[in-house]
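# Chain and residue survey
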Amino acid sequence: MAKASIALNRFGLGGRPGDAPGPDPARWVLDQFDRYEARPQAIAALAPSSSIASELTEYLREVRLLQREKRNAAPMKPEMETDPAMRGSAMQPMPEQEKADDPVAQARRAARLQARDHYAGAISARALVALNSPAPFAERLVHFWANHFAVSADKLEMVGLAGSLEFEAVRPHVLGKFGDMLHAVERHPAMLIYLDQAQSVGPNSALGQVTGRRGRKLGLNENLAREILELHTLGVRTGYSQADVTEFARAMTGWTVAGLGRGRGAAYAGGEGQPGSFVFAPRLHEPGARTILGKSWPQQGEAQAAAVLDLLATHPATARHLATKLARHFAGDEPPPALVGKLETAFLRSGGDLPTVYRALVEAPECWVAQPVKFKSPWEWTISALRGLGAQQLPPMAMNGLMTQLGQPVWKPGSPAGWDDVAGSWAGPDAIMRRVEAAERLAQRTRDTVDARQRAAELFPDALSESTAQSIARAESPGQGVALMLVAPEFMRR
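Cut-offs used in this document
Residues numbered from 1 in each chain as written. Predicted model: local features only at pLDDT ≥ 70, side-chain atom pairs only at ≥ 80, totals over all residues. Heavy atoms only, no water. Salt bridge = Lys/Arg side-chain N within 4 Å of Asp/Glu carboxyl O. Helix = DSSP H or I, 4+ residues; strand = E, 2+ residues; numbered from the N terminus. Buried < 20%, exposed > 50% of the residue type's maximum accessible area, 1.4 Å probe, protein only. Core = buried A, V, L, I, M, F, W, Y, C linked by side-chain atoms within 4.5 Å. Contact = heavy atoms within 4.5 Å. Polar contact = N/O pair within 3.5 Å; in protein donor to acceptor, adjacent residues only side chain to side chain. Expected span 1.5 Å × (residues − 1). Bend = angle between axes of the 7 residues up to and from the residue. pLDDT = per-residue confidence, 0-100. Phe/Tyr/Trp six-rings, centres within 6.5 Å; stacked < 30°, edge-to-face > 60°.

Applying the stated criterion to the full structure yields 18 salt bridges. The closest approach of N and O atoms between Arg250 and Glu247, which form a salt bridge, is 2.8 Å. Of this pair, Arg250 and Glu247 both sit in helix α13 (residues 242–252), three residues apart, roughly one helical turn. Between Arg453 and Asp451 there is a salt bridge; the shortest N-O distance is 3.3 Å. The exposure class assigned to Arg453 is exposed, which follows from its relative accessible area of 52%. Through salt bridges with shared partners, one network takes in Arg16, Asp19 and Arg387.

This part takes up the nonpolar core. What tends to happen in soluble globular proteins is that the nonpolar side chains get buried as a cluster. Phe137, Trp145, Phe248 and Leu486 are the most contacted members of the largest nonpolar core, which totals 129 residues. In contact with Phe248, other than residues within four places in its own chain, are Ala225, Ile228, Leu229, Ile292, Ala305, Val308, Leu309 and Leu312. In terms of nonpolar packing, the next biggest core, distinct from the first, is built from six residues, Leu56, Leu60, Ala110 and Leu113 among them.

Assignment of secondary structure puts Ser133 in the loop between α6 (103–132) and α7 (136–148). With a relative accessible area of 6%, Ser133 lands in the buried category. Only 2.9 Å separates the side chain of Ser133 from the backbone nitrogen of Ala135, close enough to count as a polar contact. Look past the residues within four positions of Ser133 in its chain and what remains in contact with it is Arg16, Glu139 and Arg387.

Below, the discussion takes up the side chain of Arg171. Assignment of secondary structure puts Arg171 in the loop between α8 (162–170) and α9 (178–187). Judged by its relative accessible area of 2%, Arg171 falls in the buried class. Apart from residues no more than four positions distant in its own chain, Arg171 is found in contact with Tyr36, Glu37, Ala38, Pro40, Ile43, Val129, Glu139, Val142 and Glu166.

Moving on to the environment of Gly15. Assignment of secondary structure puts Gly15 in the loop between α1 (3–11) and α2 (25–30). Along the chain, Gly15 and Thr211 lie 196 residues apart, while their C-alpha atoms are 60 Å from each other. The residues touching Gly15, leaving out its near neighbours within four places in the chain, are Leu8, Asn9, Arg387, Gly388 and Leu459.

Let's shift gears to unusual backbone geometry. One non-glycine residue, Arg447, adopts positive backbone phi at about 50°. By the secondary structure assignment, Arg447 is in the loop between α21 (429–445) and α22 (452–459). Even without being a glycine, Asp462 presents a positive backbone phi close to 55°. Mapped onto the secondary structure, Asp462 falls in the loop between α22 and α23 (466–473).

Positionally, Asp448 belongs in the loop between α21 and α22. Residue Asp448 is classed as partly exposed on the basis of its relative accessible area, which comes to 46%. Within polar-contact distance, the side chain of Asp448 engages the backbone nitrogen of Gly479 at 3.1 Å.

A few words on α6. For α6, which comprises 30 residues, the first-to-last C-alpha distance of 42 Å matches the rise-based estimate of 44 Å (1.5 Å per residue) to within 8%. The largest bend along α6 measures about 45° and falls at Ala115.

On to the confidence of the model for the protein. Averaged over every residue, the pLDDT of the protein is 90; residues scoring 70 or more account for 91%. This model gives residues 76–98 a pLDDT under 50, and the stretch forms 15 contacts once residues within four places in sequence are excluded.

Enumeration over the complete set of coordinates arrives at 17 aromatic pairs. Centroid distance Trp419 to Trp426: 5.7 Å. Interplanar angle 55°. Geometry classified as tilted. The two residues Trp419 and Trp426 agree in class, both being buried. Each residue in the set Phe11, Phe33, Phe137, Phe330, Tyr358 and Trp368 is aromatic and connected to the rest through ring pairs, giving one cluster.

Here is the structure:
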């Protein structure tokens, strides 16, 4: 790979017709920071998380009313219980009018509406920005951090909200301080709901004591605290203990979401803010000082967990963890130790200033080695293919279906750890065959208007192998040439 090709494909999202990094590809990459838009038009046109949460709040209220009505209803007669007309299943759904009083059916309906009105539209907006942005390096970094702070649209409350975490908490801070991004992410409704923080109650909080006297026990939830330490900041096996997780979870009690938290704890916190907004509920907070990572935290209320986040944001273990992940993403599945050290130093010396770290990344020779160092994930391959074909618009729902087919549905990693960033997860025979099939469909859309011989040389300047050029030249039709280009080694790796 020549440096121009590396700038387009390893640092960027793949070349577009007319892209030319010029005589100084590294400078071309860094200059993109001045062209980055935190809120491009495609994303600004979407409903914000507050609107999505307001809709979801109403759906959940209706479901709770239905559940209460069903509990208070008289038992059904035996003959009606066995009537097939009274039964439904996921495989054979009953008509809407017949299941209007079924809470489960109403929840499924809410999920479908959120997926139709918000999830698919957010995916399309994300893709459109990636296709048209004049700052593809910055957009790659947005995708990197969104996967680092992964949430998954696998449960009802998350279907509409998953994309908003990337748009509202990651994008505004991708060229700022890591600590600011960390605070924004951990306060976002998507993260608070996904990792069940919205239902965490301190055992000795005001609510915990009231319910305890009534024989009920509302529990402490450690999910968010654990993932902040293990995934978002320090990394696994970096010296923290289970006691640190529990104490941090206690410090975070009271961090919740207006209108959307589940259970009695959320109701007790009250609708003190706009649905979906971050609120601190003192009645849920575990009182007292905490001891975390060998340090005492005497702060009260919201400030206690916030102070812990401040420490974690610039901790040496956090610097090492983030440096390793960035080095893996840009320099190979086995991150070069020298590069990790450079990024770690840049992070610590700058107090977590991300552009300082990015500059160290771009200036590092380890990121400019001539041989390809990464196998593209399905998202990377799809965006680079569409950019390479000059696509500027997408058919409705196209990206949602394509990414599901390729095995990487957007914002659905299935785990807080996010999608894997190594070739072993994406380079299997079945996965390659799915890309071949997708390449053929994409090629058909070009209607033989793209000369793959010329386009491939433009997308991979001074980097196209002789074997790839010959394969494209021997294609039986322009469309076949495009399909061969999209599955060539140059297109699969970066």
